[in-house]
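# Tertiary structure, described
Here is what each chain is made of, one letter per residue.
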Amino acid sequence: MAKSKYEYVRNFELQDRLLPSTWLVVRVDGQGFTKFTSKHEFTKPNDVRALNLMNRAAKIVVESMVEIVLAYGQSDEYSFVFSKDAKAYERRASKLSTLLVSKFTSAYVYYWSEFFPDTRLQFPPAFDSRVVMYPSEHILRDYLSWRQVDCHINNMYNTCFWALVNKGGMTQKEAEKRLSGTLSKDKNELLFSEFEINYNNEPAIFKKGSVIIREKVLIDVVDAQGKMTKRTKTEVAILHCDIIKNAFWNENPDILG
Ligand code: ATP
Ligand code: ATP
Ligand code: MG
Ligand code: MG
Ligand code: MG
Ligand code: MG
């Protein structure tokens, strides 16, 4: 197409190519979900329908971008890890970040009614997004540990808080006061002695969050001669496991390649 005299305005665009050979993480987070969750009457502290919807939307994203090697989600956030040699969109930060978050958001809305058949969306939800480069495997793992520890700390607090409010008859103010200054072991003890809740027995999806990886599985196929053989196939799997300790990484050495 012929160039117009207006073409020069392109020079005002920022070059935003991310560094090569660095792990890229795009994290999306629900905007104002404290309000969104109460408007849509989410079960507190954990609405499992909402977590499954987040996982559904994240799976769409992982399936749409082959260079994503792992995703980790908890609460209203999801982190997507791109392989350190990812080439998509020439590693342009705004392209990666905006395409990912718009796909995530539209999938969240697209699948809403499957997970909330009796709740109409009251307004269009939004997610923010950022992209961060991590220069080593060690720091990338620390990033993921940071998010999983955050999940643990918040879940423990919220489990206590809503037990005090819903079962203990406290106001939200009173529950907040009761919990201020308590350590993890105090919260464990409170749950057990006052509400007969063994925190260890809480569902893993609440305690650990969700981890999406591509798993190689062996499947039976019939070859051209009609004989049964095995073939490996890649499947997107959702797990609720620890990703802080070495065990997960030793069992899945391909993820970080
Ligand atoms: P911001 O726009 O700054 O992110 P926010 O209100 O979304 O504001 P967050 O720190 O992201 O703040 O907190 C997310 C909120 O959504 C928390 O109140 C959390 O309890 C709630 N929430 C997220 N997922 C669920 C869920 N599955 N069930 C119940 N509540 C949830
Ligand atoms: P990219 O991902 O690079 O943006 P693209 O296929 O979206 O690829 P664009 O340059 O954005 O490329 O072009 C948009 C395309 O969508 C064109 O083919 C255009 O004709 C088509 N299109 C957009 N809006 C309409 C519309 N209202 N009616 C018919 N065709 C449309
Ligand atoms: Mg935020
Ligand atoms: Mg939020
Ligand atoms: Mg959040
Ligand atoms: Mg286009």
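Quick caveat, the model's predicted, so the values are computed rather than measured. (Residues numbered from 1 in each chain as written. Chains lettered and ligands numbered in written order. Predicted model: local features only at pLDDT ≥ 70, side-chain atom pairs only at ≥ 80, totals over all residues.)

## With respect to the overall build of the protein
This is how the line gets drawn: Only DSSP runs of H or I with at least four residues qualify as helices, and only runs of E with at least two residues qualify as strands; both kinds are numbered from the N terminus onward. For every residue, the other C-beta atoms within 10 Å of its own C-beta are counted; 20 or more classify it as buried, 12 or fewer as exposed, and values in between as partly exposed. C-beta atoms are placed from the backbone. Contact between residues is assigned whenever the C-beta positions, reconstructed from backbone atoms, fall within 7 Å.
When helices and strands are tallied, the protein shows nine helices and six strands. In terms of overall dimensions, the protein has C-alpha extents of about 70 × 65 × 40 Å along its principal axes. Counting all 257 residues of the protein, 25% fall into the buried class. Across the protein, every contact between residues at least 6 apart in sequence was considered, and the portion connecting residues at least 24 apart equals 70%.

## Considering the sheet that holds strand β3 (residues 77-82)
Quick reminder of the rule: Paired strands, in this sense, are two strands between which DSSP finds at least two bridges. Think of each axis as a best-fit line through the C-alpha atoms, taken over the contacting stretch in the case of a helix, with angles from 0 to 180 degrees between the N-to-C directions.
An order of β4-β1-β3-β2-β5-β6 is seen for the six strands of this open sheet, with the pairing classed as antiparallel. Each of the sheet's edge strands pairs with one partner strand only, and the pair in question is β4 (127-134) and β6 (228-239). Neighbouring strand axes in the sheet, compared pairwise and without regard to direction, differ in orientation by 25° on average. Of the strand pairs in this sheet, strand β1 (residues 23-30) and β4 are connected by eight bridges, and their pairing is antiparallel. Each bridged residue has a counterpart across the sheet, and for V26 the counterpart in β4 is V131. Along the sheet, helix α5 (residues 137-166) makes contact with β1, β2 (68-74), β3 and β4, crossing β2 at roughly 25°.

## Details of the confidence of the model for the protein
Caution applies to low-pLDDT regions: their predicted coordinates should not be interpreted in detail. For clarity, the cut-off: The predictor's confidence in any single residue is recorded as pLDDT, a number from 0 to 100.
Overall, the prediction assigns the protein a mean pLDDT of 97, with 100% of residues at 70 or greater. This complex was scored by the predictor with a pTM of 0.95 and an ipTM of 0.95.

## Some details on the site of ligand 1
Under the convention used in this document: Each residue gets a C-beta atom placed from its backbone. Should that atom fall within 6 Å of a molecule or strand, the residue is termed near it.
Close contacts around ligand 1 come from 15 residues, with F33, T34, F42, D47 and A50 the closest. The element contributing the most residues to the shell around ligand 1 is helix α1 (residues 33-39), with three residues.

## What to know about the nonpolar core
Spelled out, the test is: Linking buried Ala, Val, Leu, Ile, Met, Phe, Trp, Tyr and Cys residues through C-beta atoms within 7 Å yields a set, and such a set is a nonpolar core.
In terms of nonpolar packing, the biggest core is built from 36 residues, with A71, F80, V81 and F104 touching the most fellow members. At the level of secondary structure, the elements contributing two or more residues to this core comprise β1, α2 (48-64), β2, β3, α3 (93-110), β4, α5 and β5 (210-222). Residues within four places of A71 in sequence aside, it is in contact with A58, V62, Y78, S79, F80, V81 and I212. With five residues, the next largest nonpolar core counts M156, F161, L164 and L190 among its residues.

## Examining the UniProt feature "domain: Thg1 C-terminal" (unreviewed entry) in the protein
Spelled out, the test is: UniProt positions are given in the numbering used here, feature names are shortened, and annotations may be inferred rather than shown by experiment.
Sequence positions flagged by UniProt for "domain: Thg1 C-terminal" (unreviewed entry) are, in local numbering, residues 139-245. Secondary structure within residues 139-245 divides into 50% helix and 23% strand; the distance between the first and last C-alpha atoms comes to 14 Å.

## Description of unusual backbone geometry
At the junction of K44 and P45, the peptide bond is cis and its omega measures out at 5° in the coordinates. Within the element layout of this structure, P45 appears in the loop between α1 and α2. Although it is not a glycine, E196 adopts a positive phi angle of roughly 50°. Structurally, E196 can be placed in the loop between α7 (184-195) and α8 (204-208).

## Thoughts on α2
Stated formally: A helix is expected to reach a length of 1.5 Å times the quantity of its residues less one.
Counted at 1.5 Å a residue, the expected span for α2 with its 17 residues is 24 Å, and the 24 Å between its end C-alpha atoms agrees. Those residues of α2 that are buried are in contact with β2, β3, α3, α8, β5 and β6.

## Topic: the UniProt feature "binding site: GTP" (unreviewed entry) in the protein
Summarizing the sequence annotation, UniProt attributes the feature "binding site: GTP" (unreviewed entry) to S75 and D76 in the numbering used throughout. Topologically, S75 is positioned in the loop between β2 and β3. Take S75: there are 21 C-beta atoms within 10 Å of it, and that puts it in the buried class.

## Some remarks on the pairing of β5
Pairing analysis gives four bridges linking β2 to β5, with the strands arranged antiparallel. Following the sheet pairing, Y72 is matched in β5 by V211. Note: β5 against β6, twelve bridges, orientation antiparallel. Each bridged residue has a counterpart across the sheet, and for E215 the counterpart in β6 is E235.

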